[in-house]
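Spelled out, the chains give:
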Amino acid sequence: MLANYGYKDASGDFFITIDTDICNGCGDCVSACPADIFEVMDEDPNDPLRDEPVAVVSADKKKKLKYECNPCKPASERPPLPCVEACKAGAISHSW
Amino acid sequence: MAEEKKQEFWRWTESNWKNPDIDWKDAKFVTSGIDVGSVSSQAVIMTDGEIFAYGNMRTGSDSPDSARNALKFAMEATDMPEDRMDYCVGTGYGRVNVPFADRTITEIACHARGANFIYGPEVRTVLDIGGQDIKAIQCDEKGKVTNFIMNDKCAAGTGRGMEVFSDLLGVPINYVGDRSFDVKEEPQPVSSTCVVYAKSEATSLLRKGWSTEEVLAAYCSAMADRIYSLVERVGVEPEFAVTGGLAKNRGVMDRLMPMVGLKRMKTKWDTQIAGGVGAALFGYALCQKGKGRKK
Ligand code: SF4
Ligand code: SF4
C-alpha cells in the first residue's frame, strides 16, 4: 500500500509516502528523524487484518510536515534526507 | 421535531432501515460498525456479513452520544436485543468516541472495504467526501487499500464547507445542486474554497449583483476543482465510486465527473453507510478468525 500522509494547500503539496509492502517495521526511520515524524505500529492501521509492524507518520505531525521537515530541506543545496537514507528498504519518499 | 427540522433546513434527512429478508436468529455472527463523522453518524448492523439494519443520523455536539444514538436508531428498526451483538467496530473522524466499541479501525480501511461491498469488487478508486475531510483511496478486488490520501487539514471542499455555504445563502442543502445549474452561463470558480474566504467572497459577489444561483455555481465548481486535485494524486482507475454526504450533491458531482472522465458506479445502497459497512465487515472478519470479543 502507498500510504500518503500530509496535505495540499495554497503553497503546494506536502506528502510523505510510505510503501507498506516494502516497509518491514525496523524502526530505523524513527531514530533517524530529528522531528519525530515516524512511529512504528504493531499493525497497519489501514490494513488491520495484516498483523505486521509498519511505520506510519504520527497523527499530530501529518498536518504540519512542511514546517517540521524544513530543517532537513535547506533551500540552497539538498542533502539526502535522514529518513530516506535510513530506510534501507527504500520505503519512504517525499513529494516536495 | 418537525419544527426543529424546519429551522435547521440544511439538515440531512435522518433515516433507519431494516432488511426484511434477514432473520437475525439465523445469524452466526452479528457485528456492528459505527461511523461517527463530523456531520453525520451511521450505525450498520450486519449478520454474517450481510446488511441487516442501519441508522443514519446527524452527529450531535457530543460524539459518544451520537454513536450511541445512531446505534439505538438502527436497533429501533429491528426486534433484536442489543446484547445479541458479537462485536462492534468504531470508525470515522470521531472513532475514538465510540466508548462501547470493541476496537476502532481507520476510516480509510473501512471505506475501501465498505465500498467493495456496496459497489461490488470491481471498484478500484473510492472518493469519500465527508463532512470534515476528503479521502481518495485505491483498493484491490478484495477491498484492501493499495494507495490512499486524506486531506483533513481544513474544511475546504468538504461537506462542512458546503453546509456553511448553503446556510450563508439560505439555500437548503438538498437544493444546492439543482439551483447551481440554474445559470445561463457557468461562472468562473470562486478563487478559494477556504470556508473563511469563501464567505466573504460570496458576500462580495452578491453585492456585485451576482444571482444566488451564479454564486452557488462558482462555489460548486471551485469545490470540484479542489477535490479533483486530490483524486489526481492517487490516480483514477476504473471503476470509480463516490461515497460520503457530498456524493449526493450534483452541484459538485456533475462538475467533478467530467474532470475524472469516468462514470460513477451505481448502487442501491445509501452511500453514506459505506464506512459503517466496512467497519461491521472487519468485525465479522475478526470474529471468523477467532479474534472476536472474549466471552
Ligand atoms: S525530512 Fe527530516 S524531518 Fe522530515 S521526515 Fe525526513 S528526517 Fe524527519
Ligand atoms: S526505516 Fe523503512 S522499513 Fe524501517 S520502519 Fe522505517 S519505513 Fe519501514
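Keep in mind it's a predicted model, so treat the numbers as computed, not measured.

**Some remarks on the overall build of chain B**
(1) Moving on: Each helix and strand counted, chain B has 9 helices and 10 strands in total.
(2) Moving on: Taking 19 Å as the expected radius of gyration for a compact globule of 295 residues, we find that chain B reaches 19 Å, a close match to that expectation.
(3) Moving on: Taken across its 295 residues, chain B has 60% of its residues classed as buried.
(4) Moving on: As displayed, chain B offers around 12,500 Å² of accessible surface, 48% of which is attributable to carbon and sulfur atoms.
(5) Moving on: For chain B, the centre of its 38 positive side-chain charges and the centre of its 40 negative side-chain charges are spaced 3 Å apart.

**What to know about the site of ligand 1**
(1) Moving on: Around ligand 1 sit 13 residues, and of these Cys33, Phe38, Cys69, Cys72 and Cys83 of chain A come closest.
(2) Moving on: Partitioned by chemical class, the residues of the shell around ligand 1 number 11 nonpolar, 1 polar and 1 charged.

**Quick notes on the sheet that holds strand S7 (residues 125-129) of chain B**
(1) Moving on: On the basis of which strands lie adjacent, the open sheet formed by 7 strands has the order S5(A)-S2(A)-S1(A)-S9(B)-S8(B)-S7(B)-S10(B) and mixed pairing. Each having just a single partner strand, strand S5 (92-94) of chain A together with strand S10 (240-243) of chain B make up the two edges of the open sheet. Shown here is a sheet whose adjacent strand axes are inclined to one another by a mean of 15°, direction ignored.
(2) Moving on: Bridging between strand S1 (residues 2-9) of chain A and strand S2 (residues 12-19) of chain A involves 8 bridges; their strand directions are antiparallel. Bridged to Ala3 of chain A within S2 of chain A is Ile18 of chain A.

**Quick look at the sheet that holds strand S1 (residues 15-18) of chain B**
Residues and elements named next belong to chain B.
(1) Moving on: One open sheet holds the 6 strands; their spatial order is S1-S4-S3-S2-S5-S6, and the pairing between them is mixed. Looking along the sheet, the strands with just one partner apiece sit at the ends: S1 and strand S6 (103-104).
(2) Moving on: Relative to S6, strand S5 (residues 87-91) runs parallel, the two sharing 2 bridges. Across the sheet, Gly90 pairs through a bridge with Thr104, a residue of S6.
(3) Moving on: Against the sheet, helix H9 (residues 274-288) touches strand S2 (30-36), strand S3 (40-47), strand S4 (50-58), S5 and S6, its axis set at about 145° to S2.

**Observations regarding the interface of chain A and chain B**
(1) Moving on: With 21 residues of chain A at the interface, the matching set in chain B holds 26 residues.
(2) Moving on: Taking both partners together, chain A and chain B bury about 2,000 Å²; carbon and sulfur atoms supply 50% of that area.
(3) Moving on: At the junction of chain A and chain B, the tally comes to 5 salt bridges.
(4) Moving on: Among the salt bridges present, the one from Glu43 of chain A reaches Arg103 of chain B, with a minimum N-O distance of 2.8 Å.

**Describing the environment of Gly278 of chain B**
(1) Moving on: Examined against the element boundaries, Gly278 of chain B turns out to sit in helix H9.
(2) Moving on: For the pair Gly278 of chain B and Ile118 of chain B, spaced 160 residues apart in the sequence, the C-alpha separation amounts to 9.4 Å.

**Quick look at the pattern of salt bridges**
All names here are of chain B.
(1) Moving on: All chains considered together, the criterion is met by 19 salt bridges over all chains.
(2) Moving on: One salt bridge connects Arg84 with Asp86, and the closest N-O pair in it is separated by 3.0 Å.
(3) Moving on: The salt bridge partner of Glu186 is Arg255, with a shortest N-O separation of 2.6 Å. With Glu186 in the loop between helix H5 (173-180) and helix H6 (195-207) and Arg255 in helix H8 (residues 250-260), this pair connects stretches of sequence that are 69 residues apart.
(4) Moving on: Glu186 sits in the partly exposed class, given a relative accessible area of 41%.
(5) Moving on: The exposure class assigned to Arg255 is buried, which follows from its relative accessible area of 8%.

**Some details on the domain arrangement of chain B**
All names here are of chain B.
(1) Moving on: When its domains are assigned, chain B resolves into domain 1 (15-117 + 273-288) and domain 2 (122-264).
(2) Moving on: On a C-alpha basis, the centres of domain 1 and domain 2 stand 26 Å from each other.
(3) Moving on: On the side of domain 2, 19 residues touch domain 1, which itself brings 13 residues to the contact.
(4) Moving on: In total, about 1,300 Å² of surface goes out of reach between domain 1 and domain 2, with carbon and sulfur atoms giving 65% of it.
(5) Moving on: Together, Ile108, His111 and Asn116 form the three largest contributors to the area buried by domain 1 at its contact with domain 2, with a combined 39%.
(6) Moving on: Linking domain 1 with domain 2 are 1 salt bridge, by the criterion used here.
(7) Moving on: Across the pair Arg58 and Glu163 runs a salt bridge whose closest N-O atoms are separated by 3.0 Å.
(8) Moving on: Where domain 1 meets domain 2, there are 3 residue pairs in polar contact (both at pLDDT 80 or more).
(9) Moving on: With 8 residues, helix H3 (residues 107-119) is the largest single contributor of residues to the side of domain 1 that touches domain 2.
(10) Moving on: Among the residues making up the side of domain 1 that touches domain 2, the classes are represented as 7 nonpolar, 3 polar and 3 charged.

Calculation notes
Residues numbered from 1 in each chain as written. Chains lettered and ligands numbered in written order. Predicted model: local features only at pLDDT ≥ 70, side-chain atom pairs only at ≥ 80, totals over all residues. Heavy atoms only, no water. Helix = DSSP H or I, 4+ residues; strand = E, 2+ residues; numbered from the N terminus. Rg over C-alpha atoms; globule rule 2.2 N^0.38 Å. Buried < 20%, exposed > 50% of the residue type's maximum accessible area, 1.4 Å probe, protein only. Areas by Shrake-Rupley, 256 points an atom, 1.4 Å probe, with all protein chains shown as cover. Lys, Arg positive; Asp, Glu negative; His and termini not counted. Charge placed at Lys NZ, Arg CZ, Asp CG, Glu CD. Near = heavy atom within 4 Å. Nonpolar A, V, L, I, M, F, W, Y, C, P; charged D, E, K, R; others polar. Pairing = 2+ DSSP bridges. Axes fitted to C-alpha atoms, helices over the stretch in contact; angles between N-to-C directions. Contact = heavy atoms within 4.5 Å. Buried area = accessible area lost by both parts, 1.4 Å probe. Salt bridge = Lys/Arg side-chain N within 4 Å of Asp/Glu carboxyl O. Domains from an automatic or database assignment. Polar contact = N/O pair within 3.5 Å; in protein donor to acceptor, adjacent residues only side chain to side chain.

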